[in-house]
Amino acid sequence: MMDQTRLAQAFRERHRSGGLILPNCWDAASARIFQAAGFDAVATTSAGVAWSRGVRDGEGLGREDMMREVAAIARATTLPFNADVEAGYGPSQADAAETARATWAAGAVGLNFEDVDYAAPRVLMTIPDQQARIAAIRAATPEVVINARTDVFLLGLGDSEAERIDMAVERGRAWLAAGADVVFLPGAIDPVVVARLAQGIGGPISLIAGPDAPPASILFAAGACRISTGPYPMLAVLERLKTLADGLAKDWKVMSPAGDGLASIGAVFG
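Residues numbered from 1 in each chain as written. Predicted model: local features only at pLDDT ≥ 70, side-chain atom pairs only at ≥ 80, totals over all residues. Heavy atoms only, no water.

Asker: I'm lost on the environment of A96 in this one. Help?
Answerer: In this structure, A96 sits in helix α5 (residues 93–106). Judged by relative accessible area, A96 falls into the buried class, the value being 1%. Between the alpha carbons of A96 and R138 there is a distance of 9.8 Å; along the sequence they are 42 residues apart. When sequence neighbours within four positions are dropped, the list of residues in contact with A96 reads G88, F113, R133 and I137. (Helix = DSSP H or I, 4+ residues; strand = E, 2+ residues; numbered from the N terminus. Buried < 20%, exposed > 50% of the residue type's maximum accessible area, 1.4 Å probe, protein only. Contact = heavy atoms within 4.5 Å.)

Right under this line is the structure:
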């Protein structure tokens, strides 16, 4: 427990120092590869974990199944580890608290927590309800680093960019007031918008940077403290696997190892 507490403290401090690039893994192997590459921390992508189990993203896996995957990844890495627990696997404060306790027990020191209402597509939880759920997480797991997400930009809510910024700022400030450590704003990658969000929220903000995002240095300069990769590394691997599979279907020789690939991967796993 002391080791986990120490990792949580280090993870929280890493957000305060800024410039955190956080790769998103989907299983123990990808976590180990990211650790071997020298990252400071690692996180799950709920989409990647779900897809690896053959189900949809968006709580296609229930709490028990997701926690089994989180625990397996936590055992595979010695880095601070953040788990994407989606919207908490239930709408109530009790659901959120139970998910937070299970996440900490599985070995994660941080969690992502969404404000989407899965019972109503393209609808977000009300601010008071989400504040209460974040407060329940904080009470249940005082040491966990809460990366509280709002999907205002991801869902394209509001009639204008200015309205989306105002909505996200209001929610972000509310999440911090309820006990969150960081406000997560997927879908926001324009540096001008990011700067306005950072200034308006007045606390740490995190982003996802996909292939269309500007360089991380620009987003950090705009005010982000943390940038994660989301499902994009897994999608890149799956794209390579499909190419391999298509070639294999035509000629088994495509499976011949190139260079020292097998040796270098083998070294990661001992």
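Picking up where we left off.
Asker: Help me out: how do you make sense of the sheet that holds strand β8 (residues 205–208) in this one?
Answerer: Strand pairing within a sheet occurs via backbone hydrogen bonds; the two strands may be parallel or antiparallel. Pairing is parallel across the open sheet formed by nine strands, whose spatial order is β1-β9-β8-β7-β6-β5-β4-β3-β2. The open sheet terminates on both sides in strands that have one partner only, identified here as β1 (20–22) and β2 (24–25). With three bridges joining them, β1 and strand β9 (residues 226–228) adopt parallel strand pairing. From the neighbouring strand, I21 faces β9, where its bridge partner is I227. The sheet strands contacting helix α4 (residues 63–76) are β2, β3 (42–44) and β4 (81–84), and the helix crosses β4 at an angle near 165 degrees. (Pairing = 2+ DSSP bridges. Axes fitted to C-alpha atoms, helices over the stretch in contact; angles between N-to-C directions.)

Asker: Explain the nonpolar core to me, please; I cannot follow it from the model alone.
Answerer: In a soluble, globular protein the nonpolar side chains are often hidden away together inside. V70, L111, I134, I137 and I146 are the most contacted members of the largest nonpolar core, which totals 43 residues. Residue contacts for L111: discarding those within four places in its chain leaves N82, A83, V85, A100, T103, I137, V144, V145, I146 and N147. (Core = buried A, V, L, I, M, F, W, Y, C linked by side-chain atoms within 4.5 Å.)

Asker: Whenever I open this one, a negative patch on the surface confuses me. Can you help?
Answerer: Taken together, the side chains of D159, E163, D166 and E170 present a region of like negative charge at the surface. With respect to the helices, strands and loops of the structure, D159 is situated in the loop between β6 (145–149) and α7 (161–178). Assessed through its relative accessible area of 76%, D159 is described here as exposed. (Patch = residues over 30% accessible without salt bridge, like charges linked within 9 Å, V, L, I, M, F, W, Y side chains within 5 Å. Areas by Shrake-Rupley, 256 points an atom, 1.4 Å probe, with all protein chains shown as cover. Salt bridge = Lys/Arg side-chain N within 4 Å of Asp/Glu carboxyl O. Lys, Arg positive; Asp, Glu negative; His and termini not counted. Charge placed at Lys NZ, Arg CZ, Asp CG, Glu CD.)

Asker: What is the right way to read the packing of aromatic side chains from this model?
Answerer: Aromatic rings in a pair are described by how distant their centres are and how their planes are angled relative to each other. Evaluated as defined, the whole model comprises one aromatic pair. Taking 5.9 Å as the distance between ring centres and 85 degrees as the angle between the ring planes, the aromatic pair formed by F34 and F39 counts as edge-to-face. With relative accessibility at 28%, the residue F39 sits in the partly exposed group. (Phe/Tyr/Trp six-rings, centres within 6.5 Å; stacked < 30°, edge-to-face > 60°.)

Asker: Would you mind going over helix α2 (residues 28–36) with me for this structure?
Answerer: Since the α-helix packs 3.6 residues into each turn, any two residues three or four apart lie on the same face. Among the residues of α2, S30, A31 and F34 are the ones counted as buried. Buried residues of α2 fall within an arc of 105 degrees about the axis and therefore sit on the same side. Those residues of α2 hidden inside the fold are in contact with β2, β3, α4 and α10 (232–250). With a side-chain oxygen lying 3.3 Å from the backbone nitrogen of A29, the N-terminal cap of α2 falls on D27. (Arc of directions from axis to C-beta. Polar contact = N/O pair within 3.5 Å; in protein donor to acceptor, adjacent residues only side chain to side chain.)

Asker: What's the story with the packing of α4 against α5 in this structure? I'm lost.
Answerer: Each pair of packed helices gets described by two things: the angle between the helix axes and the distance between those axes. Relative to each other, α4 and α5 sit at 25 degrees, their axes nearing to 8 Å. The pairing of α4 with α5 is recorded here as roughly parallel in orientation. Where α4 crosses over α5, the handedness of that crossing is right-handed. Counted together, R63, M67, V70, A71 and A74 of α4 and D95, E98, T99, A102, T103 and A106 of α5 form the full contact between these two elements. When the residues that make up the contact of α4 with α5 are grouped by side-chain class, the tally is six nonpolar, two polar and three charged. (Parallel < 35°, antiparallel > 145°, perpendicular 65-115°, else oblique. Left-handed = near helix turned anticlockwise from the far one by under 90°. Nonpolar A, V, L, I, M, F, W, Y, C, P; charged D, E, K, R; others polar.)

Asker: So what exactly am I meant to see when it comes to the environment of A97 here?
Answerer: With respect to the helices and strands, A97 occurs in helix α5. Considered as a pair, A97 and V123 are 26 residues apart in the sequence and their alpha carbons are 22 Å apart. Ignoring any residue separated from it by four or fewer positions in sequence, one finds A97 in contact with A136 and A140.

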